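# Breakdown of the fold
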Amino acid sequence: MTTAPENGLVQYFCRHLVGLCVAYRHIPDDDDKPERFSICSGTLIVIHDVLCFLTAGHVLKELEELRGHPNVRIESSAFADTFGLGTISDVPIPFDLVNADLFYIDDDEEGLDFGVIAINPHFARLLSKNGVVALGEEQWAHQHKITFEDRYALLGLPEELASDRVTPGVGVSAAPLMAFLTPATPDPNRETRRHPQFVAKVDGPEPKSVKGMSGGPIFGFRIDPGPKVRYWIVALQSSWDPVSRTIYATPIPTLASLMTEWASEAI
């Protein structure tokens, strides 16, 4: 639960946004071309005192397939934690994606789409220095008791605002975007998932597509006396219907409870 300021709104919420950057080549096709580039939206969460990068399960599945492809060579990878207010460094933190352990579930019938990468203490210290804030149990355990306003927001790094190649001498670019949402009901022709999902429509024509925003945090708001606007991260973006502009997301209490249970069983 946090009080949000009126100024620097998007940058303020970007303290919950971390991008996983990957530069890679298709070999031998790209040997004489600039590196390809992608950036995945995500946030941080603490599970059993371990800091983790949290994103959509299908995102980590795609990264696992990319790094395991015989004709793909990953040149570099890093965590971008440079989007928020008060950052002390504009340089992403190098991260070894090639050898990292990826834990994810991408099960459409279950309605579950999330995954994590555990972050060692060294990277955790670097992320904290740049002001990134992680989700803890106190932020999701009691969400079922909260009544939110009928206004939500999705934060992420849409593909339309990011480079797809590394430009020599310039590098790459990516920009965060906050899209406001209105709660909605699922398409009646859509099969019911075992686990309830967060469903909402994207307000307005922008962004043109939320592609690239999978794994981005969705914020729910409550106005308290004062007035004070308080917020919680309520869900993690998963998929969307571009025709109706409806998004489907995994609720944070659902995924955090499952990860906590699974981690307990593994101890």
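Attention in this report is confined to the structure presented alongside it. Just so we're clear, the structure is a prediction, and the values are computed from it rather than from any experiment. (Residues numbered from 1 in each chain as written. Predicted model: local features only at pLDDT ≥ 70, side-chain atom pairs only at ≥ 80, totals over all residues. Heavy atoms only, no water.)

The subject of this paragraph is the packing of aromatic side chains. If you walk through the whole model with that rule in mind, you get 13 aromatic pairs. Ring plane angle 55° and centroid distance 4.8 Å describe the contact between Phe-13 and Phe-219, whose orientation is recorded as tilted. Separated by 206 residues along the polypeptide, Phe-13 in helix 1 (residues 9-13) and Phe-219 in strand 12 (residues 217-224) bring together distant segments of the chain. For Phe-219, a relative accessible area of 0% corresponds to the buried category. With centroids separated by 5.6 Å and ring planes inclined at 80°, the aromatic side chains of Phe-148 and Trp-232 adopt a geometry described as edge-to-face. (Phe/Tyr/Trp six-rings, centres within 6.5 Å; stacked < 30°, edge-to-face > 60°. Helix = DSSP H or I, 4+ residues; strand = E, 2+ residues; numbered from the N terminus. Buried < 20%, exposed > 50% of the residue type's maximum accessible area, 1.4 Å probe, protein only.)

Right, let's talk about the layout of surface pockets for a bit. Approximately 580 Å³ is the volume attributed to the largest pocket. Of all the elements in the fold, those that place two or more residues in the lining of the largest pocket are strand 3 (36-47) and helix 2 (57-68). Residue contributions to the lining of the largest pocket peak at 6 residues, all from strand 3. For the lining of the largest pocket, the per-class residue count stands at 10 nonpolar, 6 polar and 6 charged. (1 Å grid on protein atoms, 1.4 Å probe; cavity = no way out; pocket = protein on both sides within 12 Å on 5 of 7 lines; lining within 4 Å. Points joined across faces, edges and corners; volume = space filled by probe spheres on them. Nonpolar A, V, L, I, M, F, W, Y, C, P; charged D, E, K, R; others polar.)

So, about the sheet that holds strand 5 (residues 72-80). Taken together, 7 strands build an open sheet; the order of strands is 6-5-2-3-4-8-7 and the sheet is antiparallel. What marks the edges here is a single partner per strand, and that holds for strand 6 (93-94) and strand 7 (103-107). Where strand 2 (residues 18-26) meets strand 3, 7 bridges bridge the pair, whose relative direction is antiparallel. Residue pairing in the sheet places Gly-19 in a bridge with Ser-41 of strand 3. (Pairing = 2+ DSSP bridges.)

Along the polypeptide, Gln-139 turns up in the loop between helix 3 (121-129) and strand 9 (152-156). When its relative accessible area of 13% is taken as the criterion, Gln-139 is described as buried. At 2.6 Å, the side chain of Gln-139 forms a polar contact with the backbone nitrogen of Gly-136. (Polar contact = N/O pair within 3.5 Å; in protein donor to acceptor, adjacent residues only side chain to side chain.)

Residues Ile-45, Leu-54, Phe-114, Phe-219, Ile-252, Leu-255 and Met-259 are the most contacted members of the largest nonpolar core, which totals 33 residues. Of all the elements in the fold, those that place two or more residues in this core are helix 1, strand 3, strand 4 (50-55), strand 8 (112-118), strand 9, strand 12, strand 13 (228-241) and helix 4 (252-266). For this core, the leading source of residues is helix 4, giving 5 residues. The contacts of Ile-45, once residues within four sequence positions are left out, are Val-50, Leu-51, Cys-52, Leu-54, Val-116, Ala-134, Leu-135, Leu-255, Ala-256 and Met-259. Leu-51, Ala-56, Val-59 and Phe-95 belong to the second largest nonpolar core, which has 26 residues in total. (Core = buried A, V, L, I, M, F, W, Y, C linked by side-chain atoms within 4.5 Å. Contact = heavy atoms within 4.5 Å.)

It is worth spelling out the environment of Cys-14 at this point. Counting through the fold element by element, Cys-14 comes out in the loop between helix 1 and strand 2. Overall, the relative accessible area of 3% leaves Cys-14 in the buried class.

A few words on the pairing of strand 9. Counting buried positions along strand 9 gives 5 out of 5 residues, so the element sits mostly inside the fold. The side-chain alternation of strand 9 yields two buried faces, one formed by Tyr-152, Leu-154 and Gly-156 and the other by Ala-153 and Leu-155. Both strand 9 and strand 10 (residues 177-183) contribute to a ladder of 5 bridges, which runs antiparallel. Across the sheet, the residue bridging to Ala-153 is Phe-180, located in strand 10. Sheet topology note: the strand 9/strand 12 ladder contains 3 bridges and is antiparallel. Across the sheet, Tyr-152 pairs through a bridge with Gly-220, a residue of strand 12.

To continue, consider helix 3. With a side-chain oxygen positioned 3.0 Å from the backbone nitrogen of His-122, the residue opening helix 3 is Asn-120. Positive phi shows up at Gly-131, right after helix 3, with a value of about 85°.

Right, let's get into the environment of Gly-220. Turning to its location among the elements, Gly-220 is positioned in strand 12. Judged by relative accessible area, which is 0%, Gly-220 ranks as buried. Taking C-alpha positions, Gly-220 is 5.4 Å from Trp-232, a pair spaced 12 residues apart along the chain.

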